[in-house]
Protein chains: 2
Amino acid sequence: MSDVRKTIAGGATWQEVAEDRRRHRDATVAESRIDAPLPEDLSIINTDVEELVKWLASGEWSATIVVRAFLRRAGDAQGMVNCVAELLVDRALERAEWLDRYWVEHKKPVGPLHGIPISVKEHIAMKGLDLNAGFVSWVGRVAEEDALLLQILWDAGAVFYARTTQPQTLMHLETSSNLYGVCANPFNTSLTAGGSSGGEGALIGLRGSVLGIGTDIGGSIRSPAANNGIFGFKPTSERLPTLGWSAPMEGCEAILGTIGPLSTSLEGIKLFMKTAVGAKPWLKSPNLVAMDWRDTTGLFSEKKLKVGVMWDDGVVKPHPPIARALCKVIDKLQKSQKVEVVDWIPKDHGRAWSIIHDVTSLWSACAERDEYRRQYAELWNERGDVDVILCPAGPGVAPKLDAARYWGYTSQWNLLDYPAVAFPIHKCVSVRKDGDAAMTDHIPLEYIPRCEADKDNWSQWELYGAKGYKGAPISLQLVGRRYDDEKLLAALEVILKEADLPTASPPTRPWV
Amino acid sequence: MSDVRKTIAGGATWQEVAEDRRRHRDATVAESRIDAPLPEDLSIINTDVEELVKWLASGEWSATIVVRAFLRRAGDAQGMVNCVAELLVDRALERAEWLDRYWVEHKKPVGPLHGIPISVKEHIAMKGLDLNAGFVSWVGRVAEEDALLLQILWDAGAVFYARTTQPQTLMHLETSSNLYGVCANPFNTSLTAGGSSGGEGALIGLRGSVLGIGTDIGGSIRSPAANNGIFGFKPTSERLPTLGWSAPMEGCEAILGTIGPLSTSLEGIKLFMKTAVGAKPWLKSPNLVAMDWRDTTGLFSEKKLKVGVMWDDGVVKPHPPIARALCKVIDKLQKSQKVEVVDWIPKDHGRAWSIIHDVTSLWSACAERDEYRRQYAELWNERGDVDVILCPAGPGVAPKLDAARYWGYTSQWNLLDYPAVAFPIHKCVSVRKDGDAAMTDHIPLEYIPRCEADKDNWSQWELYGAKGYKGAPISLQLVGRRYDDEKLLAALEVILKEADLPTASPPTRPWV
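As the structure is a computational prediction, the values presented were derived from the model and not from experiment. (Residues numbered from 1 in each chain as written. Chains lettered and ligands numbered in written order. Predicted model: local features only at pLDDT ≥ 70, side-chain atom pairs only at ≥ 80, totals over all residues. Heavy atoms only, no water.)

Caption draft 1: A look at the overall build of chain A. Check the secondary structure of chain A and you find 17 helices and 13 strands. Over its C-alpha atoms chain A spans a radius of gyration of 22 Å, differing by no more than 12% from the 24 Å that the globule rule assigns to 512 residues. Its C-alpha atoms give chain A principal-axis dimensions of roughly 60 × 55 × 50 Å. By residue count, 64% of the 512 residues in chain A fall in the buried class. (Helix = DSSP H or I, 4+ residues; strand = E, 2+ residues; numbered from the N terminus. Rg over C-alpha atoms; globule rule 2.2 N^0.38 Å. Buried < 20%, exposed > 50% of the residue type's maximum accessible area, 1.4 Å probe, protein only.)

Caption draft 2: Structural view of the confidence of the model for chain A. Residue and element names in this part refer to chain A. Chain-level statistics for chain A give a pLDDT mean of 87 and a share of 90% at 70 or above. Long-range and interchain partners of residues 438-442, a stretch whose pLDDT sits below 50, account for six contacts in this model, where long-range means more than four residues apart. Both scores are given for the predicted complex: the pTM is 0.85, the ipTM 0.78. (pLDDT = per-residue confidence, 0-100. Contact = heavy atoms within 4.5 Å.)

Caption draft 3: The arrangement of helix H4 (residues 63-81) of chain A in detail. When the terminal C-alpha atoms of H4(A) are compared, their 26 Å separation across 19 residues agrees well with the 27 Å that a helix rising 1.5 Å per residue should span. Summarising burial for H4(A): 15 of the 19 residues are buried, a large majority. (Expected span 1.5 Å × (residues − 1).)

Caption draft 4: Region of interest: the domain arrangement of chain A. Residue and element names in this part refer to chain A. Domain assignment breaks chain A into domain 1 (14-283) and domain 2 (305-498). Taking only C-alpha atoms, the centre of domain 1 and the centre of domain 2 are 26 Å apart. Taken together, the contact between domain 1 and domain 2 spans 40 residues of the former and 46 residues of the latter. Buried surface at the junction of domain 1 and domain 2, both sides included, amounts to about 3500 Å², of which 59% is carbon and sulfur. At the boundary of domain 1 with domain 2, the tally comes to three salt bridges. Its salt-bridge partner being Lys 270, residue Glu 493 comes within 2.5 Å of it at the nearest N-O pair. Where domain 1 touches domain 2, the interface holds 25 residue pairs in polar contact (both at pLDDT 80 or more). Secondary-structure elements contributing two or more residues to the side of domain 1 that touches domain 2 are helix H8 (222-228), strand S7 (231-234) and helix H9 (266-278). In terms of residues, the side of domain 1 that touches domain 2 owes the most to one element, H8, which gives five residues. Of the residues in the side of domain 1 that touches domain 2, the class split is 17 nonpolar, 14 polar and nine charged. (Domains from an automatic or database assignment. Buried area = accessible area lost by both parts, 1.4 Å probe. Salt bridge = Lys/Arg side-chain N within 4 Å of Asp/Glu carboxyl O. Polar contact = N/O pair within 3.5 Å; in protein donor to acceptor, adjacent residues only side chain to side chain. Nonpolar A, V, L, I, M, F, W, Y, C, P; charged D, E, K, R; others polar.)

Caption draft 5: Region of interest: the pairing of strand S2 (residues 117-121) of chain B. Residues and elements named next belong to chain B. Here S2 lies mainly inside the structure; five of its five residues are buried. Side chains Pro 117, Ser 119 and Lys 121 project from S2 onto one buried face, and the interleaved Ile 118 and Val 120 project onto a second face that is buried too. Alignment of S2 against strand S6 (residues 211-216), held across two bridges, turns out to be parallel. Bridged to Val 120 within S6 is Ile 213. (Pairing = 2+ DSSP bridges.)

Caption draft 6: Spatial organisation of unusual backbone geometry. Omega for the peptide link from A:Gly195 to A:Ser196 comes to 0°, which places this bond in the cis form. For B:Arg207, which is not glycine, the phi dihedral falls at a positive 55°. In this structure B:Arg207 comes out as buried when scored by relative accessible area, which is 1%.

Caption draft 7: Just the sheet that holds strand S8 (residues 258-263) of chain A, in detail. Residues and elements named next belong to chain A. Sheet architecture is open: 11 strands sit in the order S1-S3-S2-S6-S8-S7-S12-S13-S11-S9-S10, paired in mixed fashion. Of all strands in the sheet, those with a lone pairing partner are strand S1 (84-87) and strand S10 (339-343), marking the two edges. Strand after strand, the sheet turns through a mean of 25° between neighbouring axes, direction not considered. Helix-sheet contacts for helix H5 (residues 89-106) involve S1 and strand S3 (159-164), and the interaxial angle to S3 is about 160°. (Axes fitted to C-alpha atoms, helices over the stretch in contact; angles between N-to-C directions.)

Caption draft 8: Here's a closer look at the environment of A:Gly229. Relative to the helices and strands, A:Gly229 is located in the loop between H8 and S7. Separated by 23 residues in sequence, A:Gly229 and A:Leu206 have C-alpha atoms that sit 9.8 Å apart.

Caption draft 9: Fine view of the pairing of S6(B). Residue and element names in this part refer to chain B. The element S6 is extensively covered by neighbouring structure, given that six of its six residues are classed as buried. Residue alternation in S6 divides its side chains into two sets, Leu 211, Ile 213 and Thr 215 and Gly 212, Gly 214 and Asp 216, and both sets are buried. Relative to strand S8 (residues 258-263), S6 is paired through six bridges, and the arrangement is antiparallel. Bridging across to S8, Leu 211 finds its partner in Ser 263.

Caption draft 10: Looking closely at the side chain of B:Ser336. Mapped onto the elements, B:Ser336 comes out in the loop between helix H11 (320-334) and strand S10 (339-343). Classification of B:Ser336 as buried rests on a relative accessible area of 8%.

Caption draft 11: Seen up close, the sheet that holds strand S9 (residues 305-309) of chain B. Residue and element names in this part refer to chain B. Spatially, the 11 strands line up as an open sheet ordered S1-S3-S2-S6-S8-S7-S12-S13-S11-S9-S10, and their pairing is mixed. The strands lining the two open edges of the sheet, one partner per strand, are strand S1 (84-87) and S10. On average, each strand axis in the sheet is tilted by 25° relative to the strand beside it, whichever way the strands run. Bridge count for strand S11 (residues 388-392) against strand S13 (residues 475-479) is four bridges, and the pairing is antiparallel. Paired with Leu 390 across the two strands is Leu 478, which belongs to S13.

Caption draft 12: Inspection of the packing of H9(A) against helix H17 (residues 485-498) of chain A at higher detail. All names here are of chain A. Remark: H9 packs on H17, axes separated minimally by 11 Å, with the N-to-C direction vectors making an angle of 165°. Between H9 and H17, the crossing angle belongs to the class labelled roughly antiparallel. Considering only the axes of H9 and H17, their crossing is left-handed. From H9, Leu 266, Glu 267, Ile 269 and Lys 270 reach across to H17, where they touch Leu 489, Leu 492, Glu 493 and Leu 496. Residues of the contact of H9 with H17, tallied by class, amount to five nonpolar, no polar and three charged. (Parallel < 35°, antiparallel > 145°, perpendicular 65-115°, else oblique. Left-handed = near helix turned anticlockwise from the far one by under 90°.)

Quick look at the structure:
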């Protein structure tokens, strides 16, 4: 599909640029619908990555049939919640057909991700395509080559078929821009899909994708994952290459942004990480740590997994659905023989929040950050052998549109550069009037907020209550020590099993 | 020894503060001479770390007898070249006596460094002692606790007995300050000992220490090591903890400073690194990479070690003694069955030099640095399987006092954050009139400099020639890829063996 862009530099108004981009997007969506849906479509989009790779590797499903199903579903998702920047119909089909020919010829997959469709946040470069990062004024910037991570996934057999939206500047936990408008939450359209990887979150939440790539400097993977009931992983900062993303904070070292996967399943996250780190990206991107993806077999069979639980960060109190989710999970874990649960008292998270917001004096802010990191490490050492911290992924479920304000539950771990994963607890808990409205035993009826941010968050709950957030997925977050990425995912596996939680999002979704 | 300091804050003039500090230093030196020398002294100070640990672990030598010998020798060294900030006679003897009692009681060493005397650059904190980093105005700042690295070495059995000088600000490849004056090169006192770890370099060059700790952000370990004919290792930046050093660039992330060992032997360097990294310092200093010290057994037995040789950085041409040293080493290596030698053409080292000097716009400088790092990695990938780069450690041997100007041969690797080790080639080559003055086959008689820095460096050679640098040790530098610290040291071992070079400084030293 030809794509001659209107740009600010070319003399267009911002309205004309935005209208042109939307027209282009809608044209790609229309293109995805040229072929009629197939009976297999629903089976395909309801299959998680770990199963999809098997079907594709065995030749049971062709790459073409798989990507066609996801293209159609992504087109539908765009119509539902406005999460897509553009679909890549021609490219994806060409790639899938090449993979299918490869399979016929060699009778084996090209790599561990043979034929897996992967959706990608727009500000991650794809050769020859626009790279606007949500800025109207950046429309017309064209990527000269694929981002390094995409090159690696391509070599492993991936099919890129959809580019998803983000907020202008990338620095928001919601997703709206003058370019593409607002992305809503598929479970309750009065709520936000989250941000800044909100397009990814909503698309995967609707199973328009089962594996996507987002970026996170303060919660931008975990917020949309939590809001849409999927898995989202922010690795330690220097393990996956960010080469080839386009963002206004390039060169900022105070808090390093990370790139990472969002998926309908934990196995999707693990396969992504293993494949990407396994390609030794540090040889091409020397800012990365030269550290292989480590095997965690047997890690928690010899000793109990020790989980610290942080109920509240001491700054902004989580809404009742979150507290309830924690209660339910902890109840289960306390009955497990494999897990030990202890309380995790937060250490001055308010200070972290203020460091994150102060970049006026970069050197002193970095020094203060390092001192805070050191103290947090000391705290962890003193508390003995806690393996991971279980905590909220945010101060509530998906906020109402335009109401997302407090990032402390996610940005805390960016400041510390700890790996963190948001995960859904589908079926166990979701926002229900009968459950959460009555939850007065965990919170005083008249809660007195501790600060402005706490007041703002609590006022949202008082205003809307369980009814206002009805249907919203409830998610939690698991956090590990720096570079304990592999251990963190292994711990999550134990927790999901022991707390009887699903390791993947359920196949049936709203509006299916 | 009581130490009530005169300070600027206390109303003293800078001259009074400096005089007071020197008086204190001289008093500690006098104290080290209270006991008469012993016959074993010369044997002890001529023993390298790897042998010293054996004698101490077996109880053949007591920690007390060893540290007394080094205290006396350090006192002498101070008289010769002015390299000491203070000796720690009481502390060191108390510690040594405790270790000796431990040995008598348990019949085994307390750790892998049992009784090893370690000298320490002054700006690395020692509890209760002054921490002035060479600034007169900082005199009176007292460290509240030992630097983390010192805590680790202490737990391994080290004895801290000497603190050495550095230039004010730490940012110079010579060592002089208003506080302590000028530190000269023991091999030729018209030359500099180097900097900023110049006190360490000179002290170890005189065997007033066989293992010391320096810091390096642009060559500050490798310059004094090269100038004094000892081994000096700058590790990749986030492997050893810098917690507890005092430096004006704290919080600067553009180029991370590193801490590392200087030693009379390669084995001393290796034992230091293995002990320090083996203590898992990342658990207390979370800015570090959680990476164990990796075993390199057999690394170069299966495949040949491939060495790239950089003769010149393309900016400042090395003096003839350096070129001659490279020639001699390469001649030997080309005859080795275990080593393959190829040329390493430098990539735009002038650009690196300018990035290092530009901190006016930190974010854009960081972005430019990252792009340069990426291009250099790409270059290395393209050049195939080169393991290490062999190159000058500086554009000449130790410069004349006050003549050190160009840091590019060392700061290049700080910018890239590559591990690098300076090593001496004693006995093979040193600056001799007959050797270097006649070396006209490698350089045109009338060399036309490429830039101001090149002109300045070359004019020094024309002015002083071989005669002016007579006796100065000649050293080279070996450089590895980021995080290849272990591999680098293993490669150096192969090179020393194959080029028939000593793995330790010779026992007999000038003025012994």
